[in-house]
Amino acid sequence: MNFSKSEDLHNEALEHIVGGVNSPSRSYKAVGGGSPIAMEKGEGAYLYDVDGNRYIDYLAAYGPIITGHAHPHITEAIKVAAETGVLYGTPTAHEVKFAKMIKEAMPSLDKVRFVNSGTEAVMTTIRVARAFTGRDKILKFAGCYHGHSDLVLVAAGSGPSQLGMPDSAGVPKSIAKEVITVPFNDIDAYREAMDKWGNEIAAVLAEPIVGNFGIVEPMPGFLEEVKKIAHASGALLIFDEVITAFRFMYGGAQNMLGVIPDLTALGKIIGGGLPIGAYGGRKDIMEKVAPLGPAYQAGTMAGNPASMLAGIACLEVLQQPGVYDQLDHLGAMLEKGILEAAEKYNAPITVNRLKGALTIYFTREKVVNYDQAEATDGELFATFFKRMLHQGINLAPSKYEAWFITTAHTEEDIKETITAVENAFKS
Ligand code: PMP
């Protein structure tokens, strides 16, 4: 495959855009460098790059593209938005319809508010939780990504009972001190931290199913206990469902797992590929938000007609019978093919899969927390990533990301992918 136009474009981009990318995860830094492939067209399960190469896409734009690229129903909705004006700065019927659809799918959201990104959604749930409880601290789990607001760009201290440290330059130490980070799936560490800080904590923030150090499910009873202890301490429970909502079923991971949080942050899938975020939850908590309450949050683009119409169209596609069974079916087929190829060529891997999302870790150990994901072999992953790319399979350039199957993928695509995996393991 020839990537010369992508290389030229990246060299030009480096002159004008910091690092040549508009989000650091798009650079190939984590896979040994090189020019990221520039795409110019998406169609169903496929992406086409500027050199004319075709890829089966499992990046799915880091999650939002669950119906495949340029889905006709969503494209039609975006056309309507383009033709009727993309932004009014006033209420619309679209946002009311969409809010009702989301509430119906996720009954814990008595009230919602649309914003423009997952970052904004999570950032605001934290502010609202602080406004409601009158407390400042939060507790989160190591390796979970919650966007790039100051409060969540905080790394763990040296032990579960230690206050956090900035995980990015520019995050004040004074803010990091308000954040406690403990390992996911480690109920003892959580209990220890809550014993120490529980009565100062406004909210416990969790991805109910982790998507940010690969796909990691909570151990049985973990989230139930997290919620029980949070509430006993007077803290709220926030689920960051930016990746998980509408991913595994029509609704949230909260509905699948039967653990209902006080507040929920949403993003990605609900915008059908257009910029979006949303947050919502218990009425008495949400009523702390302006103009009803003292917690301020606003947005020029929030609830814009294009994102609303694309989001409605996306959820309509996901309401079709059999959608999630088909994602699960293809996911199971892909997982089986990967494991058989690994067995055949003695590749040291572990697969975590839930329905249409999976991660290949280069380790033979189980992965249930961030330290285990971090300990997997990044160099082997980088080699694997490049071998897959050169066979026309587009994955995220990071060992911590998931593969996302879309409703546009077919059994043929999965078979072609398994052959590519076999070749990658063989060589
Ligand atoms: N929360 C989670 C769980 C995420 O995975 C992400 C993005 N990967 C975010 C929040 C931030 O969303 P955005 O990039 O739309 O700001």
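Definitions and cut-offs
- Residues numbered from 1 in each chain as written.
- Predicted model: local features only at pLDDT ≥ 70, side-chain atom pairs only at ≥ 80, totals over all residues.
- UniProt positions renumbered as here; feature names shortened; annotations may be inferred.
- Helix = DSSP H or I, 4+ residues; strand = E, 2+ residues; numbered from the N terminus.
- Rg over C-alpha atoms; globule rule 2.2 N^0.38 Å.
- Buried ≥ 20, exposed ≤ 12 C-beta atoms within 10 Å, placed from the backbone.
- Contact = placed C-beta atoms within 7 Å.
- Axes fitted to C-alpha atoms, helices over the stretch in contact; angles between N-to-C directions.
- Parallel < 35°, antiparallel > 145°, perpendicular 65-115°, else oblique.
- Left-handed = near helix turned anticlockwise from the far one by under 90°.
- Nonpolar A, V, L, I, M, F, W, Y, C, P; charged D, E, K, R; others polar.
- Pairing = 2+ DSSP bridges.
- Expected span 1.5 Å × (residues − 1).
- Near = placed C-beta within 6 Å.
- Core = buried A, V, L, I, M, F, W, Y, C linked by C-beta atoms within 7 Å.
- Domains from an automatic or database assignment.

An unreviewed UniProt entry lists the protein chain under the name Glutamate-1-semialdehyde 2,1-aminomutase, with Lederbergia citrea given as the organism. As recorded by UniProt, the Subcellular location (unreviewed entry) comment attached to the protein chain reads in full: "Cytoplasm". According to the UniProt record, the Subunit (unreviewed entry) comment for the protein chain is "Homodimer."

(A) How the structure looks around the overall build of the protein chain. Each helix and strand in the protein chain was counted, giving 14 helices and 16 strands. Relative to the globule expectation of 22 Å for 427 residues, the C-alpha radius of gyration of the protein chain, 21 Å, shows essentially globular dimensions. For the protein chain, the spread of C-alpha atoms along the principal axes amounts to about 60 × 55 × 45 Å. Going through the 427 residues of the protein chain one by one, you find that 49% of them count as buried. Considering only intrachain contacts with a sequence separation of at least 6, the fraction spanning at least 24 residues in the protein chain is 72%.

(B) Focus on the packing of helix α2 (residues 72-84) against helix α10 (residues 305-318). Direction vectors running N to C along α2 and α10 enclose 160°, while the axes themselves pass 8 Å from each other. Overall, the two elements α2 and α10 adopt an arrangement that is roughly antiparallel. Read as a crossing pair, α2 and α10 show a hand that is right-handed. Here α2 contributes His73, Ile74, Ala77, Ile78, Val80 and Ala81 to the contact with α10, which in turn contributes Pro305, Ala306, Leu309, Ala310, Ile312, Ala313, Cys314, Glu316 and Val317. Classifying every residue of the contact of α2 with α10 by side-chain character gives 13 nonpolar, one polar and one charged.

(C) Examining the sheet that holds strand β3 (residues 54-57) more closely. Taken in spatial order, the four strands make up an open sheet running β1-β2-β3-β15, and their pairing is mixed. Each of the sheet's edge strands pairs with one partner strand only, and the pair in question is β1 (39-43) and β15 (393-394). With two bridges joining them, β3 and β15 adopt parallel strand pairing. Residue pairing for β15: Asp57 is matched across the bridge by Asn394.

(D) Structural view of helix α13 (residues 378-389). Here α13 contains 12 residues, and its C-alpha end-to-end distance of 16 Å stays within 8% of the 16 Å for a straight helix at 1.5 Å per residue. The inward-facing, buried residues of α13 abut β15 and α14 (411-426).

(E) Structural detail: the site of the ligand. Taken together, 15 residues are adjacent to the ligand, and Ser117, Gly118, Thr119, Gly147 and Val242 come closest. Broken down by element, the shell around the ligand gets its largest block of residues, three residues, from helix α4 (residues 118-133). Grouping the constituent residues of the shell around the ligand by class yields five nonpolar, eight polar and two charged.

(F) Quick look at the UniProt feature "modified residue: N6-(pyridoxal phosphate)lysine" (unreviewed entry) in the protein chain. Mapped onto the present numbering, the UniProt feature "modified residue: N6-(pyridoxal phosphate)lysine" (unreviewed entry) falls on Lys268. In this structure, Lys268 sits in the loop between β11 (263-267) and β12 (277-281). Excluding residues that lie within four positions of it along the chain, Lys268 makes contacts with Gly63, Pro64, Gly118, Val242 and Ile243.

(G) Molecular detail of the nonpolar core. Core analysis: the biggest nonpolar cluster contains 127 residues, and Ala203, Val204, Leu236 and Ala278 have the highest contact counts within it. Counting residues per element, this core draws most heavily on α10, which supplies nine residues. Per-domain counts for this core show at least three residues from each of domain 1 (4-70 + 322-426) and domain 2 (72-318). For Ala203, the residues in contact, after removing those within four places along its chain, are Ile126, Ala129, Ile138, Ala235, Leu236, Leu237 and Ile238.

(H) Main features of the domain arrangement of the protein chain. For the protein chain, the assigned domains are domain 1 (4-70 + 322-426) and domain 2 (72-318). Distance between the C-alpha centres of domain 1 and domain 2: 26 Å. Taken together, the contacts link 26 residues of domain 1 with 29 residues of domain 2. Broken down by secondary-structure element, the contributors of at least two residues to the side of domain 1 that touches domain 2 are α11 (323-345), β13 (350-354), β14 (357-361) and α12 (370-374). Considering every element that reaches the side of domain 1 that touches domain 2, the biggest residue donor is β14, with four residues. Partitioning the side of domain 1 that touches domain 2 into residue classes produces 17 nonpolar, six polar and three charged.

(I) The arrangement of the environment of Ala402 in detail. In this structure, Ala402 sits in the loop between β15 and β16 (403-404). Residue Ala402 is classed as buried on the basis of its 29 C-beta neighbours within 10 Å. In this structure the C-alpha to C-alpha distance between Ala402 and Ile215, which are 187 residues apart in sequence, comes to 6.3 Å. Ignoring anything within four residues of it in the chain, the contact list for Ala402 reads Gly211, Gly214, Ile215, Ala357, Leu358 and Thr359.

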